[in-house]
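Examining the three-dimensional arrangement
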Amino acid sequence: MANVTLKDVYKSFGKNEVIHGINCEIKSGEFVAILGPSGCGKSTALRMIAGLEVITKGEISIDGKVVNELEPADRDIAMVFQNYALYPHMTVFKNMAYGLKIRRMPKDEIKKRVHNAAKILELTEFLDRKPRQLSGGQRQRVAMGRCIVREPKVFLFDEPLSNLDAKLRVQMRLYLRNLHESLGITSVYVTHDQMEAMTLGDRLIILEDGHVQQIGSPLEVYERPATRFVAGFIGSPAMNFFDAQLSNNGSAVELAGSDTLALSNAGLPDFGGQEVILGIRPEHFELTDEGAGKMHTTVDHVETLGADTLVHGHIGGNGAFVTIRLPDTHHFKKGTALPLAVPAEKLHLFDKDSGNRIEN
Amino acid sequence: MVENRPLMTVLTHAMLFLAIIIVLFPIYIAFVASTHEASDVLMTVQGWFGNNLVENYTLILQSGKATTGGIPVGTMMWNSLIMALGIVFGKISISIISAYAIVYFRFRFRMFFFWIIFMTLMLPIEVRILPTYHVVASLGLLNSYTGLTLPLIASATATFLFRQFFLTVPDELTEAARVDGAGPIRFFFDILLPLSRTNIAALCVILFIYGWNQYMWPILITTDKSMTTIVMGIQAMLYVPDAINEWNLTMATAILAMLPPVVVILVLQRQFVKGLIETEK
Amino acid sequence: MEKRVVFKNRWLPYLLVTPQIVITLVFFIWPAGQALKQSVFIEDPFGLSSEFVWFDNFIELFSDPLYIGSLKTTFIFSASTSFLALSTGLLFAVMADRVIKGAAFYKSALLWPYAVAPAVAGVLWLFMLSPANGILALTLKSLGYDWNHVLKGGQAMVLVVIAASWKQIAYNFLFFLAGLQMIPKSLIEAAAIDGARPAKRFWTIIFPLLSPTTFFLLVVNVVYSFFETFGIIHAVTQGGPYKATDILVYKVYRDGFIGLDLGGSAAQSVVLMAIVVTLTVIQFRYLERKVQY
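Small disclaimer: the values here were computed from a predicted structure and weren't measured.

**Details of the overall build of chain B**
In terms of helices and strands, chain B carries 15 helices and 0 strands. Over its C-alpha trace chain B gives a radius of gyration of 24 Å, far above what one expects of a compact globule, namely 19 Å for 281 residues. When burial is assessed residue by residue, chain B has 50% of its 281 residues classed as buried. Nonlocal contacts in chain B, meaning residues at least 24 apart in sequence, comprise 73% of its contacts between residues at least 6 apart.

**Details of the interface of chain C and chain B**
For an interface, size is often stated in terms of accessible area lost upon the parts coming together. Taken together, the 82 residues of chain C in the interface contact 82 residues of chain B. It is helix 1 (residues 12-38) of chain C that provides the largest number of residues to the side of chain C that touches chain B, a total of 19 residues. Per-class residue counts for the side of chain C that touches chain B are 66 nonpolar, 12 polar and 4 charged.

**Section: the packing of helix 3 (residues 65-98) of chain C against helix 7 (residues 153-181) of chain C**
All names here are of chain C. The interhelical angle for the contact between helix 3 and helix 7, taken along N-to-C directions, is 40°, at an axis separation of 6 Å. The angle between helix 3 and helix 7 places the two elements in the oblique class. Seen along the crossing, helix 3 lies across helix 7 with a hand that is right-handed. Looking at side-chain class alone, the contact of helix 3 with helix 7 contains 19 nonpolar, 8 polar and 1 charged residues.

**Observations regarding the domain arrangement of chain A**
Each assigned domain of chain A is listed with its residue range as follows: domain 1 (4-228) and domain 2 (240-351). Computed from C-alpha atoms alone, the centre-to-centre distance between domain 1 of chain A and domain 2 of chain A is 40 Å.

**Considerations on the interface of chain B and chain A**
Of the residues lining the interface, 14 residues belong to chain B; the matching set on chain A comes to 16 residues. Contributing elements (two or more residues each) for the side of chain B that touches chain A: helix 9 (171-180) and helix 10 (184-195) of chain B. Tallying contributions element by element places helix 9 of chain B first for the side of chain B that touches chain A, with 7 residues.

**Things to note about the sheet that holds strand 2 (residues 16-26) of chain A**
All names here are of chain A. A sheet is described by the order of its strands in space; here 4 strands give the open sequence 2-1-4-5, paired in antiparallel fashion. The sheet is open, and its two edges are formed by strand 2 and strand 5 (65-66), each paired on a single side. The sheet contact formed by strand 1 (residues 4-13) and strand 4 (residues 57-62) spans 5 bridges and is antiparallel. The residue of strand 4 that forms the bridge with Val-4 is Ile-62.

**Focus: the pairing of strand 17 (residues 308-315) of chain A**
Residue and element names in this part refer to chain A. With 7 bridges joining them, strand 16 (residues 295-304) and strand 17 adopt antiparallel strand pairing. Residue Thr-304 lies in a different strand from strand 17, and its bridge partner there is Thr-309. From the end of strand 16 to the start of strand 17, which pair antiparallel, there are 3 residues, and Gly-306 there has a positive phi angle of about 100°.

**Here we look at the arrangement of the chains**
The interface with the highest contact count, out of 2 pairs of chains in contact, is the one between chains B and C. Over all C-alpha pairs, chain A and chain C never come within contact, reaching a minimum spacing of 9 Å.

**Details of the nonpolar core**
In terms of nonpolar packing, the biggest core is built from 268 residues, with A:Ile34 and C:Val120 touching the most fellow members. The element best represented in this core is helix 4 (residues 73-104) of chain B, accounting for 17 residues. Excluding anything up to four places from it in sequence, C:Val120 contacts B:Val231, B:Ile234, B:Ala254, B:Ala257 and B:Met258.

**A closer look at unusual backbone geometry**
Residues and elements named next belong to chain A. Omega for the bond connecting Ser-236 with Pro-237 falls within 30 degrees of zero, at 0°, which places this linkage in the cis form. Following the sequence through the fold, Pro-237 ends up in the loop between helix 8 (228-233) and strand 11 (240-246). Non-glycine residue Asp-209 carries a positive phi angle of around 55°. Counting through the fold element by element, Asp-209 comes out in the loop between strand 9 (203-208) and strand 10 (211-216). Overall, Asp-209 belongs to the partly exposed group, with 14 C-beta atoms counted inside 10 Å.

**Observations regarding the packing of helix 14 (residues 247-267) of chain B against helix 5 (residues 118-128) of chain C**
Between helix 14 of chain B and helix 5 of chain C, the least distance of the axes is 10 Å, while the angle of their chain directions is 145°. Where helix 14 of chain B crosses over helix 5 of chain C, the handedness of that crossing is left-handed. Facing B:Trp247, B:Thr250, B:Met251, B:Ala254, B:Ala257 and B:Met258 of helix 14 of chain B, the residues of helix 5 of chain C in contact are C:Val120, C:Val123, C:Leu124 and C:Phe127. When its residues are assigned to classes, the contact of helix 14 of chain B with helix 5 of chain C shows 9 nonpolar, 1 polar and no charged.

**Overview of the pairing of strand 10 of chain A**
All names here are of chain A. In terms of strand pairing, strand 9 meets strand 10 through 5 bridges, oriented antiparallel. Among the inter-strand pairings, Leu-207 is bridged to a residue of strand 10, identified as Val-212. Hairpin connection from strand 9 to strand 10: 2 residues lie between these consecutive antiparallel strands, with Asp-209 at a positive phi of about 55°.

**Considerations on the sheet that holds strand 14 (residues 275-280) of chain A**
Residue and element names in this part refer to chain A. Pairing is antiparallel across the open sheet formed by 5 strands, whose spatial order is 13-12-11-14-20. A strand with exactly one partner marks an edge of an open sheet, and here the two such strands are strand 13 (260-262) and strand 20 (348-351). This sheet shows a mean twist of 40° between the axes of neighbouring strands, independent of strand direction.

What counts, and at which threshold
- Residues numbered from 1 in each chain as written.
- Chains lettered and ligands numbered in written order.
- Predicted model: local features only at pLDDT ≥ 70, side-chain atom pairs only at ≥ 80, totals over all residues.
- Helix = DSSP H or I, 4+ residues; strand = E, 2+ residues; numbered from the N terminus.
- Rg over C-alpha atoms; globule rule 2.2 N^0.38 Å.
- Buried ≥ 20, exposed ≤ 12 C-beta atoms within 10 Å, placed from the backbone.
- Contact = placed C-beta atoms within 7 Å.
- Nonpolar A, V, L, I, M, F, W, Y, C, P; charged D, E, K, R; others polar.
- Axes fitted to C-alpha atoms, helices over the stretch in contact; angles between N-to-C directions.
- Parallel < 35°, antiparallel > 145°, perpendicular 65-115°, else oblique.
- Left-handed = near helix turned anticlockwise from the far one by under 90°.
- Domains from an automatic or database assignment.
- Pairing = 2+ DSSP bridges.
- Core = buried A, V, L, I, M, F, W, Y, C linked by C-beta atoms within 7 Å.

In structure tokens form, the structure reads like this:
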């Protein structure tokens, strides 16, 4: 068990800088998910922690010790690869035992550890099989078994579930969560799937294009996204964004060509008159009484999902698109006018140029 | 074929049968001749087997053909075997480690070495016979097993095959091994080598045949009769100035010369076919 | 193609390539260099001194009627062998591709000649066409055709061409078969639905799609007929009768090894080298592009 610290970590490939300064302190026993779209640099970041990529600038420490110059084998880490990277010609047992064999662990100790791990992962009956005789989920568990037997300070996961089918992925998520709760080893988990990150992570590091957008707990990034990017990335269906302008006294925000919504508390007197981006999550709209509505929406299309309904429409006159999630089933005809209300606390405001959150 | 035409099927099989005859006929005739007495084959054609199978083969294996030097064919086969096995082992070992170095390491002159090795593809023995002979002679390697095998083991085909194969081994496997603590040498022996098994098997077949069937080079560098290989030995049997041409014995030798490579091909056919196609692509 | 993951060792890679590099330099590059050097020198009969003569050796070579004759002979030999070996190989492959039952058996049986050394192949056919007692020679005689390759140059050429192609059929067969099996059945079926008969399908669809394989085999066959057939000539005809089968590779050997003409033989070697290089370069260039037609 150990903490992992990233201090001002930069990475360049030749002249091309891909990671622009990551700062994070991962506490001992914490499960941190690095989340972001393809190409954002999350795998690179993980590989730098592992020692598979050289750090261009900055420092990475594991358990208080700076590991920049250390080989992966000397950092006391274990890693689950996206394609599992099991040795095809070795049995499951040998695959799990390999790292221990190299470290010259006595045979009995190796046997004990492998059998233990196999029991935890329900792999005992497969110990004599070769990887090609196993299903995707089983191979996944062998890859994890390889990590568990090492009893390392840190577990690293590089999108381990992306090669599994949807149903299996959901199962494995729970499995991983339970595993973490019982083993309690510091874990860094890379994924592009926000569901995985939200359900598994104690905290999330959200990366975009090599920049850290936000570091926070799942609830934090959901309720108070630090940037427009985070706001749009977290939550499904994605948050709606509208061009808007703050009223002159900053107490309300006007949607372009449409309604005005009041802001909570004192509003934003310092930002009066500024053009902003207004964000509202689909699930935060409420159907309201006719006449009392604050946002006037026209229905274009309705998707009934059973448990809830997705309404796609546009706002007022200028036609900005909006997606609304309402509980239960509703059948609205195309062209219906829907009056909707949004609680003031659920309004998110972002600076038009930087994308940063404007605090209320 | 899409249409179901019975006539075509019959015709196809007929053609294939004809193909087999064309291919196997000479071997059959040779084998038949090798089972007869010398006089039987001298003037007439033999269609069927004679009675001298054991006699002929024992004779040439043990004492060779008296009229053309009398080296036991058994000795010749032994020489061929050593040469072939030397080439198989030598070529595979130096090629696999070269390929490993070129694929898995970055070092200065890497591409330079790569191109030097590549050049060997354009220099078959036949375009450098005299100078190579002189080099071998000056190294004192004439009439030796080393001289027979060493100059033939450096050509690039095996290296390229291994290189191509190594490029398909997933990077993550190497990384996992690194994380597990394996250095380059460990990685090579524990992981890369076992994965290369099928390629090595295929190369064994091809190189054995290549080595066994060497003709020009053994002729050039062996003057000592006891170093004759069987494939070059056949040629010596053909020219008998005054004595009767013992075709039966010559044919027996030819059959023996063919035997090991044919056996290897048949027993390891799958590896052979795979290896052949892989080496050239 | 490069690997993303490499090891950082300093001296290990050098150690690993050394055996191959050393042997290559000693037995390939150095001798090749020597051949190049010798081709521009003339040595005196006692080997005591040599004189730099620019391209004299080459000029002499190309004005020597025997060399030109050898060029012609090699060309005829190579063209005939390649054509015969390729077309037969293709024919057999097409047939083998069609049968479902017995395919494995045919494949095994047709492989044998690959294992036979060219010299041995030559000896086999020499025996069958031996004027006095060869089964084929006697058959031809009984049909009124006087076969005696020892005397007749043309017949000697026929003999060696047959022996050389016979041996090569197996190789071409294997590659053509592999090439045919890579053509998706759906293409052929689509053509059939479009109305093309088997013969038309073959020439308009299958053959063009085989062109990478065909081209590749063409180069291989030409290289084979230029070089690996030394054994056949040496064992069977020694270039005769009267130089009728005196191909380039045999001439190099005879002039250099037996005749001890170092400069001339070296010049011939250089010419051969140029031919190989050209063929190899063409092969690699072409394979990069995988043209259809």
